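Descriptive analysis of the structure
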Amino acid sequence: MEILVVGGGAREHALVRALSLDPAVTALHAAPGNPGIGELAELHAIDPLDGAAVAALAGELNVDLVVVGPEAPLVAGVADAVRAAGVPVFGPSAAGARLEGSKAFAKEVMAAAGVPTAAARVATTVEQVAAALDAFGAPHVVKEDGLAAGKGVVVTSDRETALAHAAACLAKPGGQVVVEEYLDGPEVSLFVLSDGSDVVPLQPAQDFKRVDDDDAGPNTGGMGAYSPLPWAPPGLVDEVVATVAAPTIAEMARRGTPFAGVLYCGLALTSRGVRVVEFNARFGDPETQVVLPRLATPLAGVLMAAATGGLAQLAPLQWRDEAAVTVVVAAHGYPVSVRSDDPITGIADAVQVPDVHVLHAGTALRDGVLVSAGGRVLSVVGTGADLTAARATAYAGVERIMLPGSHHRTDIARRAAAAEAAGAPLS
Ligand code: AMP
Ligand code: GLY
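Keep in mind the model is a prediction, meaning the values are calculated, not measured.

**Notes on the site of ligand 1**
- In the vicinity of ligand 1 lie 14 residues, with Lys143, Glu180, Leu183, Glu187 and Glu278 positioned nearest.
- Between Lys103 and ligand 1, the recorded distance is 3.2 Å, taken from a side-chain N or O atom to an oxygen atom.
- Measuring from a nitrogen atom of ligand 1, one finds a backbone N or O atom of Leu183 at 2.7 Å.
- Considering ligand 1 on its own, with 470 Å² of exposed area, one finds that the protein chains cover 93% of that surface.
- At the level of secondary structure, the elements contributing two or more residues to the shell around ligand 1 comprise strand 7 (140-144), strand 8 (153-156) and strand 17 (273-280).
- Classifying every residue of the shell around ligand 1 by side-chain character gives six nonpolar, one polar and seven charged.

So this is what it looks like as structure tokens:
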């Protein structure tokens, strides 16, 4: 099978890496990719948001499957363009990707499908926002309606901060915000594959969204992740499939806009039960980096089945009985004001640590030198028999990487590893 992966972050590097380990895959291409992906796939310098260009490239290369990684091309209709050219594509249509592209739309679909989520109000004026903040009370949750790369959400107990964020979002053309009830409890990311009618869950992961240890500082795209979740209730995946994923997929099909690809269910396990925090229309970054290394079933056939209506015929997925932890190495200033062009060294050392691999996100080659070129620069992955081992391995890898001014969280999977070792719930 010959495959073209669209995108150029650590999630796409994880996808390309997993596909490269699948014996059925005979050629890998990426557009635009990054220097790490370039070690495994042939890179093509096209605009990933240009559906016609992606479809033309898929045709020229005569690939069997196109896999779209990030949300922006999906929302822009890249999957539609590829599908219209007759090439199987993993990733929803623009109509399907609205589940991520508009938080107000996602809320409407959840209401229609009876999916449990935070109570919410859509607001287009500061007065409506103020009324909603008072109705729900603190802590306040204010979300920009459209795509914001994980940075459009403010959770705060300070009413003025909440109002200021809302005002900034509303000042944008067509600005609208969603004000929500606060959801308490641990968060879980569950990826559910769909071919438009059937659904197949992967294993859950947990992401660390705040920039600093102990969940301090602003939200980011994600600073690290781990899988599995030894503390999660045993029936969680089945419950989420039954109460969240299957009804959502059925509602999208009923509307004539079937959703094929991966429905990322961002969940909060509250004292009142599971609630959806958000939907995304693609794999999560950095959760993908810890879910895929644990998947023993070769990936290409799984993605092809989702792309071509074949999930009902797919054999049950097989999982490795091991844990994975990833730590994101971020550039100086991320997420506020990112500095680029710092030299990156030590990757070759890091991958000498057994069970470590290093995935590239914001990297570039300048005159043959690897430099930072984005906020999240690298995703260092460690695997091991349990979370304690995987965590130690990932951090041993991180220690060997040199990037001036960089920062990373030191507490990824710490509580979960301690709870697992003690056989206790997450404290
Ligand atoms: P989102 O972009 O909707 O995933 O939000 C980003 C992050 O903000 C989530 O992962 C949560 O940590 C937090 N968040 C979003 N919505 C809520 C909510 N209703 N209650 C508490 N935290 C939330
Ligand atoms: N890890 C969060 C996201 O991919 O949106």
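**Regarding the environment of Gly38**
- Take Gly38: it is sitting in the loop between strand 2 (27-32) and strand 3 (42-43).
- Taking the C-alpha atoms as reference points, Gly38 and Leu28, 10 residues apart in sequence, are found 9.8 Å from one another.

**So, empty space enclosed by the protein**
- Applying the stated criterion to the full structure yields one cavity of 30 Å³ or more.
- Within this model, the largest cavity holds a volume of roughly 60 Å³.
- Looking at the lining of the largest cavity, the elements with two or more residues in it are strand 10 (187-195), strand 16 (260-270) and strand 17.
- Across the lining of the largest cavity, the residue classes tally to four nonpolar, two polar and five charged.

What counts and what doesn't
Residues numbered from 1 in each chain as written. Chains lettered and ligands numbered in written order. Predicted model: local features only at pLDDT ≥ 70, side-chain atom pairs only at ≥ 80, totals over all residues. Heavy atoms only, no water. Near = heavy atom within 4 Å. Polar contact = N/O pair within 3.5 Å; in protein donor to acceptor, adjacent residues only side chain to side chain. Areas by Shrake-Rupley, 256 points an atom, 1.4 Å probe, with all protein chains shown as cover. Helix = DSSP H or I, 4+ residues; strand = E, 2+ residues; numbered from the N terminus. Nonpolar A, V, L, I, M, F, W, Y, C, P; charged D, E, K, R; others polar. 1 Å grid on protein atoms, 1.4 Å probe; cavity = no way out; pocket = protein on both sides within 12 Å on 5 of 7 lines; lining within 4 Å. Points joined across faces, edges and corners; volume = space filled by probe spheres on them.

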